[in-house]
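Each chain, written out:
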Amino acid sequence: MAITSYPFDGQAVTESQFSQLFREAADSGVAASAGSSSFSVSADGATMAVKVQPGFAVLRGHAVLSTAVETLSIAAASTSARYDRVVLRLDPAVNQITLGVLQGAAGASVPALTQTDTGVYELSLATITVGANITAITSSAVSKERSFVGNSVGAWIDATRPATPRLGKLGYNYDADAFEFWDGSGWTPLVSSVSWSSLTGKPTSFPASAHAHDWSEITNRPASLPPAAHKHPWGDITGTPDTYPPATHSHSWSSITSKPSTFPPSSHSHSGYLEAGDTIAWANGSKKPHNNSASGSGTWYAVWVEGDGTFCRNTSSIRYKENVRDIGIRPESVLALRPRIYDRKPTEDKPEARKDEYGLIAEEVAETLPEIVTYDEEGRIDALRYDLLGVALLPVVQDQDRRIKALETRIEELTRAS
């Protein structure tokens, strides 16, 4: 019978038939990602041997699995260099795939592989350069030659391309770092190189990449720089604003005219602002309340000055506060404060020190009543919140009031008892 079909139930299928069937599903090669360690060959480094890593491979429809590192001996070197080949060898006669070494002849080229359709089939894993008179195989002597399968598209290097590919066979050549296919007569890059002259649909003009031109190549250049004074019609000017004044923009300092020649500019004033020489603190209040009646419904605030010089008002309404709780100041802490008299150190603008000033020393207050001490930006003790001193005195007064009332009650009781 001229037509044979297989495999079917109750039908004997031969090794050759299975081999033919599976080789149509996958090429011969290492079944792993290109560049993986599967069946990778490396030099022993100290002896005339190489090591082959574990892996899985397919040879002409037959499978081979290695689960441990295998060591292969390389024949002793001669006085001339030679090339050996590490291969996986399929031998249907003994029903086995084994690792082996094809020993080349001294001075000859790399030994050819045996790749028959029904007999022995060899898959190259690496070429070993055996130098003259060497005693150990080094890593530089090992050239990897594995081809890979496991996907619908193969992977190989130049030396391990399929020997008898069919038209349209596609694979990734990791020597060339490119996909290629068999066009019937040779391996052709899947994406061919393109020259500008052969490119269609290209623009006729475009902003070119950054480059330079010789001055002599520029047309309509001015005869002198900067060019002589001249004018342009408004219609020739690009980027003009649509409305006036134009949208927010900036001007360089040099382009501003009529600017003062020195700073600060000559004496002038601004309405509603403090001026040089104005006094902020008067004995009876700020300058504003002093000049205007503070009676009526007008609102007046005590002022704080923040460390950066910002003024802010001192508010007391519950609207601005949270987590309100009773104060825990001990009366004896307040009573331990020591009023002092001292002289202010002179400053550059006030060379004469202010004498006999009354007050407290912040460092001394910090020892017993740190709640009213403030610190500067460097964390040093700097000032006191004198406005809080009265609040701190309230617990003292309240404590004394309780004591006085208790004494008065006790005196009354003793008087009635006598």
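## Focus on the overall build of the protein
- Scanning the protein for helices and strands turns up five helices and 23 strands.
- Within the span of the protein, comprising 418 residues, buried residues form 22% of the whole.
- Put simply, of all contacts in the protein between residues at least 6 apart along the chain, 45% involve residues at least 24 apart.
- Per element, the accessible surface of the protein, about 30600 Å² overall, is 54% carbon and sulfur.

## Observations regarding the sheet that holds strand E3 (residues 49–52)
- An order of E2-E3-E6 is seen for the three strands of this open sheet, with the pairing classed as antiparallel. Strands at the two margins of the open sheet, each flanked by one partner only, are strand E2 (41–43) and strand E6 (70–73). Between one strand and the next, the sheet's axes are offset by a mean angle of 30°, whatever the strand orientation.
- Here three bridges tie E2 to E3, and the two strands are oriented antiparallel to one another. Its bridge partner lying in E3, Val 41 is registered against Val 52.

## Remarks on the packing of aromatic side chains
- Inspection of the entire model under this criterion finds four aromatic pairs.
- Both rings, one in Phe 148 and one in Tyr 174, keep their centres 5.8 Å apart while their planes meet at 55°; by these two values the pair is tilted. In this pair, Phe 148 is assigned in strand E11 (residues 148–149) and Tyr 174 in the loop between strand E13 (170–173) and strand E14 (178–182), connecting sequence segments 26 residues apart.
- With a relative accessible area of 27%, Tyr 174 lands in the partly exposed category.
- With centroids separated by 5.1 Å and ring planes inclined at 55°, the aromatic side chains of Trp 156 and Trp 187 adopt a geometry described as tilted.

## A short note on the pairing of E3
- Where E2 hands over to E3, the hairpin turn is made up of five residues, of which Gly 45 adopts a positive phi near 90°.
- The pairing of E3 with E6 spans four bridges and is classified as antiparallel. Pairing of Val 50 across the sheet is with Leu 72, part of E6.

## So, the pattern of salt bridges
- Scanning the entire structure with this criterion turns up 18 salt bridges.
- One salt bridge in this structure joins Arg 161 and Asp 158, with 3.4 Å as the shortest N-O distance.
- Among the residues examined, Arg 161 registers a relative accessible area of 28% and is labelled partly exposed.
- Of the residues examined, Asp 158 reaches a relative accessible area of 43% and is grouped as partly exposed.
- Ionic pairing is found between Asp 387 and Arg 385, a salt bridge with its closest N-O pair at 2.9 Å.
- On the basis of relative accessible area, Asp 387 is assigned to the partly exposed category, the value being 39%.
- On the basis of relative accessibility, which here comes to 24%, the residue Arg 385 falls in the partly exposed class.
- Here the residues in one salt-bridge network are Asp 158, Arg 161 and Glu 180, joined through shared partners.

## Quick word on unusual backbone geometry
- One non-glycine residue, Asn 133, adopts positive backbone phi at about 65°.
- Mapped onto the secondary structure, Asn 133 falls in the loop between strand E9 (121–130) and strand E10 (142–144).
- Phi is positive for Asn 220, which is not a glycine, with a value near 60°.
- Considering the arrangement of structural elements, one finds Asn 220 in the loop between strand E15 (187–189) and strand E16 (281–282).

## Brief notes about the sheet that holds E9
- The strand order across the open sheet built from four strands is E8-E7-E9-E10, with neighbouring strands paired in antiparallel fashion. The sheet is open, and its two borders are formed by strand E8 (96–102) and E10, each paired with just one other strand. For this sheet, the mean inter-axis angle between neighbouring strands, taken without regard to orientation, is 20°.

## Notes on the side chain of Ser 66
- For Ser 66, the position within the fold is in strand E5 (residues 62–66).
- A polar contact of 3.2 Å, which involves the side chain of Ser 66, links it to the backbone oxygen of Ala 68.
- Leaving out residues up to four positions away in the same chain, Ser 66 has contacts with Phe 39, Pro 54 and Gly 55.

## Topic: the environment of Arg 385
- Position of Arg 385 relative to the elements: it lies in the loop between strand E23 (381–384) and helix H5 (386–417).
- Here the alpha-carbon distance between Arg 385 and Glu 371, two residues 14 residues apart in the chain, equals 8.7 Å.

## A look at the nonpolar core
- Counting 26 residues, the largest nonpolar core has Val 41, Leu 59 and Leu 88 as its most contacted members.
- Listed by contribution, the elements that provide at least two residues to this core are E3, strand E4 (55–59), strand E7 (82–91) and E9.
- The greatest single-element share of this core, amounting to six residues, is contributed by E9.
- By size, the runner-up hydrophobic cluster in this structure holds 14 residues, among which are Val 365, Leu 369, Ile 372 and Val 396.

## Some words on the confidence of the model for the protein
- Taken over all residues, the pLDDT of the protein has a mean of 83, while the share at 70 or more is 89%.
- Model confidence for the protein, summarised as mean pLDDT per element, is weakest for E16 at 40 and strongest for E3 at 97.
- Predicted confidence for residues 276–290 stays below pLDDT 50, and this span has 12 contacts to residues more than four positions away or in other chains.

## Topic: the side chain of Gln 17
- Looking at the element boundaries, Gln 17 is found in helix H1 (residues 15–25).
- We classify Gln 17 as buried; its relative accessible area is 17%.
- Not counting residues up to four positions away in its chain, the partners in contact with Gln 17 are Thr 4, Tyr 6 and Ala 12.

Calculation criteria
- Residues numbered from 1 in each chain as written.
- Predicted model: local features only at pLDDT ≥ 70, side-chain atom pairs only at ≥ 80, totals over all residues.
- Heavy atoms only, no water.
- Helix = DSSP H or I, 4+ residues; strand = E, 2+ residues; numbered from the N terminus.
- Buried < 20%, exposed > 50% of the residue type's maximum accessible area, 1.4 Å probe, protein only.
- Contact = heavy atoms within 4.5 Å.
- Areas by Shrake-Rupley, 256 points an atom, 1.4 Å probe, with all protein chains shown as cover.
- Pairing = 2+ DSSP bridges.
- Axes fitted to C-alpha atoms, helices over the stretch in contact; angles between N-to-C directions.
- Phe/Tyr/Trp six-rings, centres within 6.5 Å; stacked < 30°, edge-to-face > 60°.
- Salt bridge = Lys/Arg side-chain N within 4 Å of Asp/Glu carboxyl O.
- Polar contact = N/O pair within 3.5 Å; in protein donor to acceptor, adjacent residues only side chain to side chain.
- Core = buried A, V, L, I, M, F, W, Y, C linked by side-chain atoms within 4.5 Å.
- pLDDT = per-residue confidence, 0-100.

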